[in-house]
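Remarks on the overall topology
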Amino acid sequence: MNSLCVLTPAIIDRECVEQTARSLRENLFKNNPETNFTHIVQLCDYKREGYEGTLSEIESIYAESDLLENCEVIIKKSSPRIGHVMAGYQLFCEYVFKNNFEYCIIIEEDTKLMHPIDLKNVSELLEKYNKSIVHLSMGYDYPGMNKWKPGDTGKEDCSSEAFLDRKMDSSGFLHVFSNYTNFCSWNGTIFSREIMNK
C-alpha cells in the first residue's frame, strides 16, 4: 500500500491522546516506512469533567507525527464542539473531496493500537476482498472461535465489536472472519474511495 489516509475524530483528553498518538506512530506510521500517510484529525473543543488538556496541547501531541518523513498531519479544530457524529462527517468530506487516497481508516482518539499493523498484509486482503468492508476488530482469536454459534455460552470470549462466524483467511498476523450480523463501529474500519462515495 503506497498511501493511506488516517481519520481521527478527537476531543481534549491529554492522557488518552498521548498514548494513542504514540501507538499510531509506532505501530502504523513507523512500522510502514514505505507508505505515505496523511493523518487528518477533527479536534473538538470539548473536555469531559475531570480530564486535562487544551486544544493547543492536543494539537502539539498529534503534530509530533508530522516530524516523520512518511506522515503529514492535518488538524481541523472546531470550537464550539460539533460532536462525534459531525466530526466523522467532516472527516469523511475531507477524505472524499480534498484527497485522492484509495483507502482511509478511522482510528478514534481513544484507540491504542496494541500491535504493529503490516499494511502489506492489509493490502493483500483488500485486493482479495475488494467489495467488502474491512474492519480491523478490537477482538481476538481464540481456539474455539470457529465453533462459536449465536446463543452459545462463552460469548465473552469473542470479539467485543462483531459476532464472527467463521475464519475465512489469514495474511501474516491478520485473520479474516465472516460476520453473521449487522453491527455499527466505524473505529478500525477501512473504507475504499468507492464505498465512501456511496
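Okay, so let's go over this structure. What you are looking at is a predicted structure, and each value in this text was computed from that prediction instead of being measured.

1. Considering empty space enclosed by the protein
- By the definition in use, this model includes 3 cavities of 30 Å³ or more.
- Taken as a whole, the second largest cavity holds about 50 Å³ of empty space.
- Forming the boundary of the second largest cavity are Met1, Leu4, Leu28, Ile105, Ile117, Leu119, Val122, Leu136 and Ile190.
- A per-class count over the lining of the second largest cavity returns 9 nonpolar, no polar and no charged.

2. Description of the pairing of strand β3 (residues 71-78)
- Of the strand pairs in this sheet, strand β2 (residues 36-44) and β3 are connected by 8 bridges, and their pairing is parallel. Directly across from phenylalanine 37, in β3, lies its bridge partner cysteine 71.
- For the segment spanning β2, helix α2 (residues 55-63) and β3, crossover handedness is right-handed.

3. Observations concerning the packing of helix α1 (residues 14-29) against α2
- As a packed pair, α1 and α2 sit with axes 9 Å apart at the nearest point and diverge in direction by 15°. The orientation of α1 relative to α2 falls into the category roughly parallel. The chirality of how α1 crosses α2 is right-handed. Only Glu57, Ile58, Ile61 and Tyr62 of α2 make contact with α1, whose side of the interface consists of Arg14, Val17, Glu18, Ala21 and Arg25.
- Each residue belonging to the contact of α1 with α2 can be placed in one class, and the counts come to 5 nonpolar, no polar and 4 charged.

4. Here's the deal with the pattern of salt bridges
- Under the defined criterion, the tally for this structure stands at 9 salt bridges.
- The residue arginine 25 makes a salt bridge to glutamate 64 at a minimum N-O spacing of 3.4 Å. Of this pair, arginine 25 sits in helix α1 while glutamate 64 sits in the loop between α2 and β3; the two residues are 39 residues apart in sequence, bridging distant segments of the chain.
- With a closest N to O distance of 3.8 Å, lysine 198 and glutamate 194 form a salt bridge.
- Overall, lysine 198 belongs to the exposed group, its relative accessible area being 78%.
- The class for glutamate 194 is partly exposed, based on a relative accessible area of 42%.

5. Brief notes about the pairing of β2
- Across the 9 residues that make up β2, a large majority, 8, are buried.
- The pairing of strand β1 (residues 3-10) with β2 spans 8 bridges and is classified as parallel. Within β2, the residue paired with serine 3 across the bridge is asparagine 36.
- Handedness of the β1-α1-β2 crossover: right-handed.

Rules used throughout
- Residues numbered from 1 in each chain as written.
- Predicted model: local features only at pLDDT ≥ 70, side-chain atom pairs only at ≥ 80, totals over all residues.
- Heavy atoms only, no water.
- 1 Å grid on protein atoms, 1.4 Å probe; cavity = no way out; pocket = protein on both sides within 12 Å on 5 of 7 lines; lining within 4 Å.
- Points joined across faces, edges and corners; volume = space filled by probe spheres on them.
- Nonpolar A, V, L, I, M, F, W, Y, C, P; charged D, E, K, R; others polar.
- Pairing = 2+ DSSP bridges.
- Helix = DSSP H or I, 4+ residues; strand = E, 2+ residues; numbered from the N terminus.
- Right-handed = clockwise from strand over helix to strand, strands pointing away.
- Axes fitted to C-alpha atoms, helices over the stretch in contact; angles between N-to-C directions.
- Parallel < 35°, antiparallel > 145°, perpendicular 65-115°, else oblique.
- Left-handed = near helix turned anticlockwise from the far one by under 90°.
- Contact = heavy atoms within 4.5 Å.
- Salt bridge = Lys/Arg side-chain N within 4 Å of Asp/Glu carboxyl O.
- Buried < 20%, exposed > 50% of the residue type's maximum accessible area, 1.4 Å probe, protein only.

Shape descriptors only; they carry no functional weight alone.
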